[in-house]
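As a plain string of letters, each chain reads:
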Number of protein chains: 2
Amino acid sequence: MNHPHYQHLAGIFEAYLAEHQPRGTPDSLYEPMRYINNLGGKRIRPVLVLMAYNLWHPDVAPALPAALAIEYFHNFSLMHDDIMDEAPLRRGKESVHTHFDRNAAILAGDSLLIKSFELLIDLEQRYRLGSSVALVMAKTSLEICEGQQMDIDFETRTSPSEDEYVEMIRKKTACLLGACLRIGSMIAGAHSDVSNSLYAYGENLGLAFQIKDDTLDVFGDPELTGKQKGGDILQGKKNFLYVCALNTLPESDKENFINSYSNVTSDQGISKVIELYRSMGIEDYDREKQKHYFERAMSSLHNIKGVDTSMLKSFAEELVKREH
Amino acid sequence: MNHPHYQHLAGIFEAYLAEHQPRGTPDSLYEPMRYINNLGGKRIRPVLVLMAYNLWHPDVAPALPAALAIEYFHNFSLMHDDIMDEAPLRRGKESVHTHFDRNAAILAGDSLLIKSFELLIDLEQRYRLGSSVALVMAKTSLEICEGQQMDIDFETRTSPSEDEYVEMIRKKTACLLGACLRIGSMIAGAHSDVSNSLYAYGENLGLAFQIKDDTLDVFGDPELTGKQKGGDILQGKKNFLYVCALNTLPESDKENFINSYSNVTSDQGISKVIELYRSMGIEDYDREKQKHYFERAMSSLHNIKGVDTSMLKSFAEELVKREH
């Protein structure tokens, strides 16, 4: 995210986070929370809260507690997902359950989730908001848990449909991006129609973003992504490419593909799957899908009148055109 | 809890819970939530919400969503505590992570916590409450996590003081009982002074309750408690009796006691610890402490004028006099 205004908002958020790291007794509960908050990342979600608020107000300070709540929530979900996925690393460093232990990651995750709600409920009381940002967050949080459960369930199913896959990433990833924009605009006092359009922008952008992510795993340049080419294939992860290939193959070839995909152990095996994807034109199909959701995101912005949405447009372009 | 009015309120709550079991897609997320809700128990916490509301209003229906939120919260904390403690059983049946798996217990626990907040935030919006029951819940939830972390930390420390132990059980157990009464009275529209007194009643009763629980482990009748005599001793659990004994023993005897307590493997070993407790008068000391917190709970009720608190008095007596 190289846009100067993005950098500006991310900088404001980083400073606010540094001043508002969770502290309390016993410190053994709070240290893992600070640890994950300090792992960095692009801070896309809190910046989206600020960007939405910023459409109406130049000073984003009143939206910072909500941005922090979203970042806390996101980090809670990473902590618990990493336990469930037994992921040893997060952002290139030890995941929380590796660096501390599993119990610390469960309990500090719970506490970040609670603190996220506390921030939003408190903000709502102070500003006497007519509609409830905390309720938006509750509904979104539950959808994210549903998405995570769908993802877990997919691992033991052989053939999810493309629609089911899209519904899973909509819940697991996209709806939080939508909620960031909805919440930012609600705090700014925007009309609900406008908040809904911003939500649709975020949600569709989230879908494009996740499909892009799945694509980079196979068709990205490892020197730019910093990840092993075909890492998802090696892990047998049923990503968008897998689902598309499976649903395109003739019935007679499906079982063979399912078996070989789940048994890839070498670079040669990875290359074979990639070769199949190429021969089937999966990359083009995939690019079309990204474009589809990207354009839906852009067209949602047309409903928003009287404010300058150019920042959101360039953010979307950068997110979908990224090579890492 | 044999009081007829307690039974009446518990019955109303059971019927409401049965009609409001969490359902959604995928069902694999919601099934573990219904499972733990169906494990039963005395429903002390939701009934306390209803009892507090009932002081002012005969029909408890408006307080039922808050009672449900509290039960959801309590069951979330049981689910996650059982993972952390690796407890195979809960209420004599398989714990959630045993019956399903660990990931289901993490994620369904998260979802119950979220649903708990959703219910309270929604209720607050609908009733346009001046002060925030959801904020009370957030602050209480965080204290409970702190209490759980203190409990975990105690297991690797040899000599917590009595004050530290009381602070741990205050956070882990007692403050939720206080919060139930505070929330019930807030929904009823009670003055904050009255809510504070009810909180103090619940908190002190919770301390007496937990100390009673620790005492029953050793001095209770196994036929009535349904638990092995000295089960805590066998597990090396640092309960109130352990902490009292440790802090009463002369310095020269402490190390010996710590070592022998952590290495009990037989009925004979249990008997030896119980014999030591008896010789030190721990049972009497302990009973004095229960009485102390019980009386503080009762005296908090004196501040509440104009309503009939006799139900709360008999509830407290029953809770502290119970033999199981």
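Residues numbered from 1 in each chain as written. Chains lettered and ligands numbered in written order. Predicted model: local features only at pLDDT ≥ 70, side-chain atom pairs only at ≥ 80, totals over all residues.

### Looking at the relation of the copies chain B and chain A
And then number 1: The operation relating chain B to chain A is a screw motion whose rotation component is 180°, with 0.0 Å of axial translation and a residual RMSD of 0.0 Å. This pairing of chains is accounted for by a two-fold axis.
And then number 2: Residue by residue, 100% of the interface of chain B is reproduced at the interface of chain A, so both copies engage with the same surface. (Least-squares fit on C-alpha atoms with pLDDT ≥ 70 in both. Contact = placed C-beta atoms within 7 Å.)

### Re the confidence of the model for chain A
And then number 1: Mean pLDDT for chain A: 93, with 99% of residues reaching 70 or above.
And then number 2: Quick note on the complex model: pTM equals 0.95, ipTM equals 0.95. (pLDDT = per-residue confidence, 0-100.)

### Side note on the interface of chain B and chain A
And then number 1: At the junction of the two partners, chain B supplies 35 residues and chain A supplies 35 residues.
And then number 2: For the side of chain B that touches chain A, the elements supplying multiple residues, two or more each, are helix 2 (27-37), helix 4 (64-85), helix 6 (102-127) and helix 7 (133-155) of chain B.
And then number 3: Of the residues contributing to the side of chain B that touches chain A, the split by class is 17 nonpolar, 11 polar and 7 charged. (Helix = DSSP H or I, 4+ residues; strand = E, 2+ residues; numbered from the N terminus. Nonpolar A, V, L, I, M, F, W, Y, C, P; charged D, E, K, R; others polar.)

### Thoughts on the environment of Leu241 of chain B
Residues and elements named next belong to chain B.
And then number 1: You can see Leu241 is positioned in helix 12 (residues 240-248).
And then number 2: Once the C-alpha coordinates of Leu241 and Phe209 are considered, the two residues, 32 residues apart in sequence, prove to be 14 Å apart.
And then number 3: The contacts of Leu241, once residues within four sequence positions are left out, are Asp214, Thr215, Val218, Tyr277, Ile282 and Asp286.

### Remarks on the domain arrangement of chain A
All names here are of chain A.
And then number 1: Looking at the assigned domains, one finds that chain A contains domain 1 (1-49 + 59-128) and domain 2 (131-324).
And then number 2: Computed from C-alpha coordinates alone, the two centres of domain 1 and domain 2 are separated by 22 Å.
And then number 3: With 22 residues of domain 1 in contact, the opposing surface of domain 2 contributes 20 residues.
And then number 4: Counting only elements with at least two residues in the side of domain 1 that touches domain 2, the list comes to helix 1 (4-19), helix 3 (44-54), helix 4 (64-85) and helix 6 (102-127).
And then number 5: Classifying every residue of the side of domain 1 that touches domain 2 by side-chain character gives 15 nonpolar, 4 polar and 3 charged. (Domains from an automatic or database assignment.)

### Observations concerning helix 12 (residues 240-248) of chain A
Note on helix geometry: an α-helix contains 3.6 residues per turn, so any two residues three or four positions apart are oriented the same way.
Residues and elements named next belong to chain A.
And then number 1: Among the 9 residues in helix 12, 7 count as buried, and that is most of the element.
And then number 2: For helix 12, every residue scored as buried is listed here: Phe240, Leu241, Tyr242, Val243, Cys244, Ala245 and Leu246.
And then number 3: Where the residues of helix 12 are buried, they touch helix 8 (162-188), helix 9 (192-219), helix 13 (251-261), helix 14 (267-280) and helix 15 (282-301). (Buried ≥ 20, exposed ≤ 12 C-beta atoms within 10 Å, placed from the backbone.)

### Considerations on helix 15 of chain A
And then number 1: The first and last C-alpha atoms of helix 15 of chain A sit 29 Å apart over 20 residues, in line with the 28 Å expected at 1.5 Å per residue.
And then number 2: At its buried positions, helix 15 of chain A is contacted by helix 9, helix 12, helix 14 and helix 16 (310-321) of chain A. (Expected span 1.5 Å × (residues − 1).)

### Some points on unusual backbone geometry
Residue and element names in this part refer to chain A.
And then number 1: Here the residue pair Thr25 and Pro26 is connected by a cis peptide bond, since its omega of 0° sits within 30 degrees of zero.
And then number 2: Looking at where Pro26 falls in the secondary structure, it is placed in the loop between helix 1 and helix 2 (27-37).
And then number 3: At Glu86, a residue that is not glycine, the phi angle is positive and equals roughly 50°.
And then number 4: Within the secondary structure, Glu86 sits in the loop between helix 4 and strand 1 (89-90).
And then number 5: Even without being glycine, Arg91 reaches a positive phi, approximately 50°.
And then number 6: As for its placement among the helices and strands, Arg91 is situated in the loop between strand 1 and strand 2 (93-94).
And then number 7: Given 11 C-beta atoms within a 10 Å radius, Arg91 is considered exposed.

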